[in-house]
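What the coordinates show
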Amino acid sequence: MNLMQDAPNVVSEDGLRTLLAEGHSADVVCRVTPKRTGAQWSGVWTVHCVSPDGETRRLLVTARNNMAAREFKTINGLSSFLAGLGVSIVSIPMVEGKIASHQLDNAD
């Protein structure tokens with residue numbers, strides 16, 4: 001299955017890595033305002049891949065769950081994922097509906 005052809009409004013993690021390298025951005029969307037429990041913040045965030053012109057948005061999905069939206073439930077999990085993509089500055093929206101955009105640093 002080719003996710004780009006069969007489901008053009010979604011992207012896998014590998015597809016997201018490829019598109020980020022091509023200049024797309026990763027938008028983190030806060031779905032549920034997080035609450036603090038001890039030292040941990042828990043909420044719900046999703047990631048969308050956005051084309052450089054802003055015309056195309058693709059939701060990050062998990063292939064193992066029939067292409068369900070990949071949700072991050074903790075700030076630690078989300079920031080670790082973004083760092084693993086190569087994002088050097090992580091911004092996390094803390095209010096439902098807010099969005100933070102991330103891009104890879106330009107290689108010098």
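This one's a predicted model, so the numbers in the text were calculated from it and none came from an experiment.

This brings us to the overall build of the protein. For the protein, the helix and strand inventory stands at three helices and seven strands. Listed N to C, the secondary structure of the protein is α-β-α-β-β-β-β-β-α-β in terms of helices and strands. Here the protein holds 108 residues, and 37% of them are scored as buried. Taking the contacts inside the protein whose residues are at least 6 apart along the sequence as the reference set, 57% of them involve residues at least 24 apart. Entry remark: accessible area of the protein is about 6,400 Å², with carbon and sulfur atoms responsible for 47%.

This paragraph deals with the pattern of salt bridges. For the structure on display, the rule yields four salt bridges. Glu13 is the salt-bridge partner of Arg70, the closest N and O atoms lying 2.9 Å from each other. On the criterion of sequence distance, the pair formed by Arg70 in the loop between strand E5 (68–69) and strand E6 (71–74) and Glu13 in helix H2 (residues 13–21) is long-range, its members being 57 residues apart. Owing to a relative accessible area of 26%, Arg70 belongs among the partly exposed residues under this scheme.

With that settled, consider the pairing of strand E4 (residues 57–62). Where a strand is regular, its side chains alternate between the two sheet faces. As defined by bridge partners, strand E1 (residues 10–11) adjoins E4 across two bridges and the pair is classed as parallel. Paired with Val11 across the two strands is Leu60, which belongs to E4. Sheet topology places strand E3 (residues 40–50) next to E4; three bridges connect them, and they run antiparallel. Residue pairing for E4: His48 is matched across the bridge by Leu59. Once E3 ends, the chain turns through six residues before running back antiparallel as E4, passing Gly54 with a positive phi of about 80°. Looking at chain direction, E4 and E5 are connected through two bridges and run antiparallel. Each residue of the ladder has a partner; that of Thr62, found in E5, is Ala68.

This part takes up the nonpolar core. Among the nonpolar cores identified, the biggest contains 19 residues, and Leu16, Trp45, Val47, Leu78 and Phe81 are the most heavily contacted of them. Elements with a minimum of two residues in this core: H2, strand E2 (25–37), E3 and helix H3 (75–85). Here this core takes five residues from H3, the largest share from any one element.

About the thresholds
Residues numbered from 1 in each chain as written. Predicted model: local features only at pLDDT ≥ 70, side-chain atom pairs only at ≥ 80, totals over all residues. Heavy atoms only, no water. Helix = DSSP H or I, 4+ residues; strand = E, 2+ residues; numbered from the N terminus. Buried < 20%, exposed > 50% of the residue type's maximum accessible area, 1.4 Å probe, protein only. Contact = heavy atoms within 4.5 Å. Areas by Shrake-Rupley, 256 points an atom, 1.4 Å probe, with all protein chains shown as cover. Salt bridge = Lys/Arg side-chain N within 4 Å of Asp/Glu carboxyl O. Pairing = 2+ DSSP bridges. Core = buried A, V, L, I, M, F, W, Y, C linked by side-chain atoms within 4.5 Å.

Spatial relationships are all this shows, so hold off on functional conclusions.
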